[in-house]
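Secondary and tertiary structure notes
For reference, the chains in residue letters:
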Amino acid sequence: MTNLFSCAWASRRLGAAMRQQFTMGEFGVERFLVPDAGNANPNFFRLELPVASAANIQVATYDEHDPFQSRGASASIDKRSLPPVAELHGLGSSGAKLVTVTMEAGKPFILQYFNASYVNHFSVSGDYWLSSIHAGYAEDSIGATAVLTRQRRNGMYGLYGSEEYLDARVLELANTPWHRRFNLLDELTLFVNLPGTTKIKAIDQGVKARYRFEPFLTSRPKDYKTPPWQESGHVFDLDRGLYVLTVQPETKGILDLQLLPPGSVMQDVMSFLSKARAEAKAMLALSDVMKRRDAKAEVQKLNVAIGSQSQTLEIGPANKIVQTSTNSPAKIVLRSEARLPLIVRAETSYLPQALGSEAPSGASGFVVTRELLRQRGRNEPADKMVLSKPGTAIHLTVGDVVEEHVEVTSNANHHYVAIAVPLAAGLEPLNPKLATAPAEATPSGNITATPSYVAYMDDQVTFYYDALPKGTFHFYFRTRATVPGQFTQPQARAELMYDGAVHGESVGARVDVSAKE
Amino acid sequence: MAGAGSIVGEPGKQDGRLDLFLDRGEYKILTYASAKGSGQAKLSVHAFRWLQDRPPLLVEQRLERATLDDFEQRSYWLEVKEKHTVAIEAAGRHLSDLRLWRDGTWLVNVDPQLVISQARADHPLQIARFTAQLEPGLYLVTAYGGQS
């Protein structure tokens, strides 16, 4: 038996700022030498993994006589880290730095570092190019806004003058709504410019957060009072000007945030409101009936027989609404002894007895169909498996790559649509947008309309649209069979996020994954 | 004359094995039985086998990959053009020692730090690393195989 052996000398030398993917070598430790960059010396270091697992990043001032040192600031990732990221902030020392990354051999990781600073000193006059670098994936970020200010110094050793506003790259909130879905891991600020006096409504979904708008001030007056935090749904009444919006999370996670000027609120939820109005009319009619009953002040009786159990409900001024319920399936017979008409509302909830793989398709505003394309060798056509009947069995082998194709037909223009495609438990989604994604993660088909956001979760892939017009849309992504066994593949479902009555589902299916021989 | 070396092995539990750099001369090997021990003891001497006739040059920051088994040794030339500190790290399942030889003949007084890496849970690796401040010249880095 031969035994591998590796030998190397010196650490890898990197630039003053970078973001790059590496693969952990067989030593299980990688060392990087970051040269001294003077005023722009990196002070922010970030280690990212595509999947959570044990990893550590350590940053120390480089000592030529002790390049294998194990001192310095460190941060770790473990199997439960969400997101799988370790960051080190504010490492202010000067000189070259040694970055040591430790993790399982053969696994990919992304190392990013740069000088994170709110203030830069310029001692030579002239033109400068200012740009910003962002940590992590841009699609997980809220987007950067910035206000540029200047403080002049009186001579080389003199005092700094007052702070002057120079320029800004901020969120302009006029009459159009603003919507972002992003990772809220810490308190964040966003600069917002309002061209006129307006009302802004902040609406969120996902993790719980609170909000505060403050006018942008280079220095606060002595009697300045910080406005109180507000919850989602609050309408901020704001004058024209530049504001700082602070978002404070109660828990870390994904936040879906909308800032809605008044016009856009009406426009975007028009369909929802029209339904709400219809429901309101029905409620008002019901209220009229109840008021008339109050006037009569007479108790009405209703006999309710649920199976062999019978009871008489009394409805009157004291008990305008009477409820009864049962957990068992039974025939219900109502016998009214009332002199006046009564209104009865029956609500039934249940879980289907059949497996999810046997679920039939459904269409109430959307029609959803699904097919799987098992990938074969390069330049070979894929095996197409159309799911036309509930319970169709799909046979795969561990390692098979499958392209999911979902077709959604919408009969009307809709706002806020979610198309969720759950996976059988033995399959894992392949996210082509990850820097570490293999070539086979990219589907051959193109998504018809670019989604506002796509969530590649372990158990499902969900496409979100702020607006989805009438028509037929195709969705593609790939999965890999990873665990042998028999699994249920639930229905793919399209629905309006704020009106569950408009929905459509494909059929359920069964997925059999066999072990590789 | 270096005097008596250390005693290795434990009767009934572990064979004794010594991996030594020996200069030209005569050496005496003493074997000890346990208090109640009797029978035959087996003694063998192995020379480490050179794996290359011409060791390659070790290039800064470039990882070299090869094989190394028990009773084998693999070397790389290291050229130091000006006085500075070098850091060398090697890993292997059967790696037991890593040494530096000035001009390939004089052993430099640097002891490697030996650690076990769990970079792959099912394949523990022996890692040997050292740091040395070296004068300009040619050095031979030699890795020695041992029991895994």
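Conventions used here
- Residues numbered from 1 in each chain as written.
- Chains lettered and ligands numbered in written order.
- Predicted model: local features only at pLDDT ≥ 70, side-chain atom pairs only at ≥ 80, totals over all residues.
- Heavy atoms only, no water.
- Helix = DSSP H or I, 4+ residues; strand = E, 2+ residues; numbered from the N terminus.
- Areas by Shrake-Rupley, 256 points an atom, 1.4 Å probe, with all protein chains shown as cover.
- Buried < 20%, exposed > 50% of the residue type's maximum accessible area, 1.4 Å probe, protein only.
- Contact = heavy atoms within 4.5 Å.
- Salt bridge = Lys/Arg side-chain N within 4 Å of Asp/Glu carboxyl O.
- Polar contact = N/O pair within 3.5 Å; in protein donor to acceptor, adjacent residues only side chain to side chain.
- Nonpolar A, V, L, I, M, F, W, Y, C, P; charged D, E, K, R; others polar.
- Pairing = 2+ DSSP bridges.
- Axes fitted to C-alpha atoms, helices over the stretch in contact; angles between N-to-C directions.
- pLDDT = per-residue confidence, 0-100.
- Core = buried A, V, L, I, M, F, W, Y, C linked by side-chain atoms within 4.5 Å.
- Phe/Tyr/Trp six-rings, centres within 6.5 Å; stacked < 30°, edge-to-face > 60°.
- Patch = residues over 30% accessible without salt bridge, like charges linked within 9 Å, V, L, I, M, F, W, Y side chains within 5 Å.

So, the overall build of chain B
- Along the backbone of chain B there are zero helices and nine strands.
- Shown N-terminal to C-terminal, the secondary structure of chain B runs as helices and strands in the order β-β-β-β-β-β-β-β-β.
- As presented, chain B carries roughly 10500 Å² of accessible surface, and 49% of it is formed by carbon and sulfur atoms.

Comments concerning the overall build of chain A
- Regarding its fold elements, chain A presents two helices and 37 strands.
- Within chain A, buried positions represent 38% of all 517 residues.
- Excluding contacts between residues fewer than 6 apart, the proportion of contacts in chain A whose partners are at least 24 apart in sequence is 72%.
- For chain A, the accessible area works out to roughly 29900 Å², and carbon and sulfur atoms hold 51% of it.

Description of the interface of chain A and chain B
- At the junction of the two partners, chain A supplies 26 residues and chain B supplies 37 residues.
- Taken together, the links from chain A to chain B amount to two salt bridges.
- One can count four residue pairs in polar contact (both at pLDDT 80 or more) joining chain A with chain B.
- Put simply, the parts of the chain that give the side of chain A that touches chain B at least two residues each are β1 (4–9), β2 (12–13) and β4 (29–34) of chain A.
- If one sorts the elements of the side of chain A that touches chain B by residue count, β1 of chain A sits on top with six residues.
- Residues that form the side of chain A that touches chain B fall into these classes: 13 nonpolar, seven polar and six charged.

Examining the pairing of strand β20 (residues 253–260) of chain A
Residue and element names in this part refer to chain A.
- Most of β20 is tucked away: seven of the eight residues are buried.
- Both strand β14 (residues 178–184) and β20 contribute to a ladder of seven bridges, which runs antiparallel. Bridge pairing in β20 places Asn183 opposite Ile254.
- Across six bridges, strand β16 (residues 198–206) lies against β20 in antiparallel orientation. Looking at β20, one finds that Gly206 is bridged to Leu255.

Quick notes on the sheet that holds strand β27 (residues 392–397) of chain A
Residue and element names in this part refer to chain A.
- An order of β27-β37-β34 is seen for the three strands of this open sheet, with the pairing classed as mixed. Where the open sheet ends on each side, the last strands, each with one partner, are β27 and β34 (485–489). On average, adjacent strands in this sheet sit at an angle of 25 degrees to one another, irrespective of strand direction.

A look at the side chain of Asn303 of chain A
Residues and elements named next belong to chain A.
- Checked against the element boundaries, Asn303 lands in strand β21 (residues 300–306).
- Engagement of the side chain of Asn303 in a polar contact is seen with the side chain of Ser310, the distance being 3.4 Å.
- A distance of 3.3 Å separates a polar atom in the side chain of Asn303 from a polar atom in the side chain of Thr312.
- If we ignore the near neighbours within four places in the chain, the residues touching Asn303 are Ser310, Gln311, Thr312, Val333, Leu334, Arg335 and Glu337.

Overview of the confidence of the model for chain B
- Of the residues in chain B, 99% have a pLDDT of 70 or more, and the chain-wide mean is 89.
- Interface confidence for the predicted complex, expressed as ipTM, amounts to 0.80; the pTM equals 0.55.

Things to note about the nonpolar core
Residues and elements named next belong to chain A.
- Of all hydrophobic cores here, the largest spans 24 residues; its most connected members are Tyr211, Val247, Leu255 and Leu259.
- Taken together, the elements giving at least two residues each to this core come down to β14, β15 (188–194), β16, β17 (209–215), β18 (235–238), β19 (241–249) and β20.
- A total of four residues in this core trace back to one element, the largest contributor, which is β15.
- If we skip the residues at most four places from it in the chain, Leu259 touches Leu171, Leu173, Pro177, Trp178, Ile200, Lys201, Ala202 and Leu245.

A short note on the packing of aromatic side chains
Residues and elements named next belong to chain A.
- All chains considered together, the criterion is met by 18 aromatic pairs over all chains.
- Look at Phe32 and Phe109: their rings are 6.4 Å apart centre to centre, the planes differ by 65 degrees, and that puts the pair in the edge-to-face class. Linking Phe32 in strand β4 with Phe109 in strand β10 (residues 108–114), this pair joins segments that are 77 residues apart in sequence. Per residue, the accessibility class of Phe32 equals that of Phe109, and both read buried.
- Measuring from centroid to centroid gives 5.7 Å for Phe191 and Phe216, while their planes differ by 80 degrees, and the two rings are edge-to-face.

Regarding unusual backbone geometry
Residue and element names in this part refer to chain B.
- The residue Phe71 is not glycine, and still its phi comes out positive at about 60 degrees.
- Mapped onto the fold, Phe71 is located in the loop between β2 (64–67) and β3 (72–80).
- Looking at Phe71, the relative accessible area reads 24%, which means it is partly exposed.
- The backbone phi angle of Asp103 is positive, close to 55 degrees, even though this residue is not glycine.
- Along the chain, the position of Asp103 falls in the loop between β5 (95–102) and β6 (106–107).

A look at the environment of Thr23 of chain A
All names here are of chain A.
- Note on placement: Thr23 falls in strand β3 (residues 18–23).
- For the pair Thr23 and Lys107, spaced 84 residues apart in the sequence, the C-alpha separation amounts to 5.5 Å.
- Not counting residues within four places of it along the chain, the set of residues in contact with Thr23 comprises Glu30, Gly106, Lys107, Pro108 and Phe109.

Comments concerning the pattern of salt bridges
- Under the criterion given, the structure shown has 34 salt bridges over all chains.
- Of the charged contacts in the structure, one is a salt bridge between Arg480 of chain A and Glu440 of chain A, with a shortest N-O distance of 3.1 Å. Placement of the pair is Arg480 of chain A in strand β33 (residues 471–481) and Glu440 of chain A in the loop between β30 (427–430) and β31 (453–456), with a sequence separation of 40 residues.
- Between Arg99 of chain B and Asp111 of chain B there is a salt bridge, with its nearest N and O atoms 3.1 Å apart. With Arg99 of chain B in strand β5 and Asp111 of chain B in the loop between β6 and β7 (113–117), this pair connects stretches of sequence that are twelve residues apart.
- Take Arg99 of chain B: its relative accessible area is 15%, and that puts it in the buried class.

Overview of the side chain of Thr145 of chain A
Residue and element names in this part refer to chain A.
- One can find Thr145 in the loop between β10 and β11 (146–150).
- Side-chain polar atoms of Thr145 contact the backbone nitrogen of Phe191, separated by 2.9 Å.
- Beyond its immediate chain neighbours, meaning those up to four positions away, Thr145 contacts Arg169, Val170, Leu171, Leu190 and Phe191.

Notes on the environment of Leu217 of chain A
Residue and element names in this part refer to chain A.
- The residue Leu217 is located in the loop between β17 and β18 in this model.
- Looking at Leu217, the relative accessible area reads 35%, which means it is partly exposed.
- A C-alpha to C-alpha distance of 8.7 Å links Leu217 and Leu242, two positions 25 residues apart in sequence.

Considering a nonpolar patch on the surface
Residues and elements named next belong to chain A.
- A contiguous nonpolar patch, built from Phe122, Val124, Tyr128, Leu130, Leu148 and Leu166 and spanning about 570 Å² of accessible area, is present on the exposed surface.
- Along the chain, the position of Phe122 falls in the loop between β10 and β11.
- According to the relative accessible area criterion, Phe122 is partly exposed, its value standing at 45%.

Focus on the sheet that holds β19 of chain A
All names here are of chain A.
- Strand order in this open sheet of four strands is β13-β15-β19-β17, and the pairing throughout is mixed. At either margin of the open sheet sits one strand with a lone partner, and together these are β13 (171–172) and β17.
- In this structure, β13 lies alongside β15, joined through two bridges in parallel fashion. The partner of Leu171 across the bridge, within β15, is Val192.

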